[in-house]
Amino acid sequence: MSVNEQIPDYDLDEMVVVTAPAQLRALADPLRSTLLELVLERAATVTELAQAVSRPKGTVAYHVNLLVDAGLLRVVRTRRVRAIEERYYGRVARTYYIGALNRPEDKKVVAAINGLAEAAAEAAPAHEADELRCLLVHARIPIEEVRNFWAEVQEVARRFAQIPRSGDQAYGFVAGLYPTDAPTLPDARSTTKD
């Protein structure tokens, strides 16, 4: 499987541990999660993000500002367009890892982030015990890469199933790969205005 090391087109940390209540609330909102996911492909302006999610610019700007205030999104570059400075936003980290949660209200906020809740009822007890590790990602990739990636996922599942049995706890592993209507950013060339 080929990997483009330049995605996204800006520098970011590999991982940030998220524990602050404001960060958890920011991640729990579906629109804000979508905005964060979109900028994994490349940095984007509020206009581009609004176009991708079919929402008004004012609404998207409000959510972008909340993500910036929570320390999850930042301006990665600017460009002068006529008399206005256009800001391009990017994530602070490639992965946001939900850290240990001690407050009950934080656990309730994080419940909305559980990407496996719909796919695996079996994951619910682990989620309640703060032992669920979950990742949901969308990528706009060609079908050949989908096939290659799925072959790799199947190999990981085979290796998981072949781990010698020991320990006191059984763990589940679930993976899914499916077409979706998740929004994508417009082609960068079509949104550039000189």
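Just above, that's the structure.
To keep things clear, this report deals only with the structure shown in the data block. (Residues numbered from 1 in each chain as written. Predicted model: local features only at pLDDT ≥ 70, side-chain atom pairs only at ≥ 80, totals over all residues. Heavy atoms only, no water.)

Points about the pairing of strand β3 (residues 84–91)
In plain terms, the rule: Only strands that DSSP links by at least two bridges are regarded as paired with each other. Secondary structure follows DSSP: runs of H or I at least 4 residues long count as helices, runs of E at least 2 residues long count as strands, and numbering of each begins at the N terminus.
In this sheet, β3 lies alongside strand β2 (residues 73–81) in antiparallel orientation, the contact comprising 8 bridges. Residue pairing for β3: valine 75 is matched across the bridge by tyrosine 89. Taking the residues between adjacent antiparallel strands as the criterion, β2 and β3 are bridged by 2 residues, where arginine 82 takes a positive phi near 55°.

Topic: the side chain of arginine 91
The cut-off we apply is this: N or O atoms closer than or at 3.5 Å make up a polar contact, with two conditions inside protein: a donor-capable atom paired with an acceptor-capable one, and, for residues adjacent in sequence, both atoms drawn from side chains. Contacts: residue pairs with any heavy atoms within 4.5 Å of one another.
Inspection of the secondary structure puts arginine 91 in strand β3. Looking at arginine 91, its side chain comes within polar contact range of the main-chain oxygen of alanine 93, at 2.9 Å. With sequence-adjacent residues up to four places away left out, arginine 91 is seen in contact with Tyr10, Leu12, Leu36, Glu37, Val39, Leu40, Leu72, Leu73, Arg74 and Tyr96.

Comments concerning the pattern of salt bridges
Rule in force here: The rule for a salt bridge is simple: a side-chain nitrogen of Lys or Arg has to be within 4 Å of a carboxyl oxygen of Asp or Glu. Each residue gets one of three labels from its accessible area relative to the maximum for its type: buried under 20%, exposed over 50%, partly exposed in between, using a 1.4 Å probe on protein chains only.
Considering all chains together, one arrives at 4 salt bridges under this definition. Across the pair arginine 42 and glutamate 48 runs a salt bridge whose closest N-O atoms are separated by 3.3 Å. As far as burial versus exposure is concerned, arginine 42 and glutamate 48 are alike and both buried. A salt bridge links arginine 79 to glutamate 86; its shortest N-O distance comes to 2.9 Å. With a relative accessible area of 23%, arginine 79 lands in the partly exposed category.

Topic: the nonpolar core
Inclusion rule: Note on terminology: a nonpolar core comprises buried Ala, Val, Leu, Ile, Met, Phe, Trp, Tyr and Cys residues joined through side-chain atoms within 4.5 Å.
Judged by nonpolar contacts, the single largest core of 31 residues is most densely connected at Leu35, Leu49, Val60, Val64, Leu72 and Tyr96. Those elements that place two or more of their residues in this core are β1 (13–18), α1 (21–28), α2 (30–38), α3 (46–53), α4 (57–69), β3 and β4 (93–98). When residues of this core are assigned to their parent elements, the largest contribution, 5 residues, is made by α3. The contact partners of leucine 72, leaving out residues within four places of it in the chain, are Val18, Gln23, Ala26, Leu27, Leu36, Leu67, Gly90, Arg91, Val92 and Tyr96.

Description of the environment of valine 39
Inspection of the secondary structure assignment puts valine 39 in the loop between α2 and α3. A relative accessible area of 0% means that valine 39 is categorised as buried. Measuring from C-alpha to C-alpha, the distance between valine 39 and proline 8 comes to 7.3 Å, with 31 residues separating the pair along the chain. When neighbours within four sequence positions are excluded, valine 39 is seen to be in contact with Pro8, Tyr10, Ala44, Leu49, Leu73, Tyr89, Gly90 and Arg91.

Remarks on the environment of isoleucine 143
As for its position among the elements, isoleucine 143 is in helix α7 (residues 143–161). Linking isoleucine 143 and proline 179, residues 36 residues apart in sequence, is a C-alpha distance of 10.0 Å.

Notes on α2
Quick reminder of the rule: Each direction from the helix axis to a C-beta atom contributes to the arc, which is the arc of those directions.
Every buried residue of α2 is listed here: Leu31, Arg32, Leu35, Leu36 and Leu38. Buried residues of α2 fall within an arc of 160° about the axis and therefore sit on the same side. Where α2 is buried, its residues contact α1, α3, α4, β2, β3 and β4. Measuring from the side-chain oxygen of the N-cap residue of α2 to the backbone nitrogen of leucine 31 gives 3.0 Å; that N-cap residue is aspartate 29.

Remarks on unusual backbone geometry
In this model, serine 54 sits at a positive phi of 55°, which is unusual for a non-glycine residue. You can see serine 54 is positioned in the loop between α3 and α4. Given the relative accessible area of 64%, serine 54 is considered exposed. The backbone of arginine 82 sits at a positive phi, close to 55°, despite the residue not being glycine. In this structure, arginine 82 sits in the loop between β2 and β3. Look at arginine 82 and you get exposed, because its relative accessible area is 70%.

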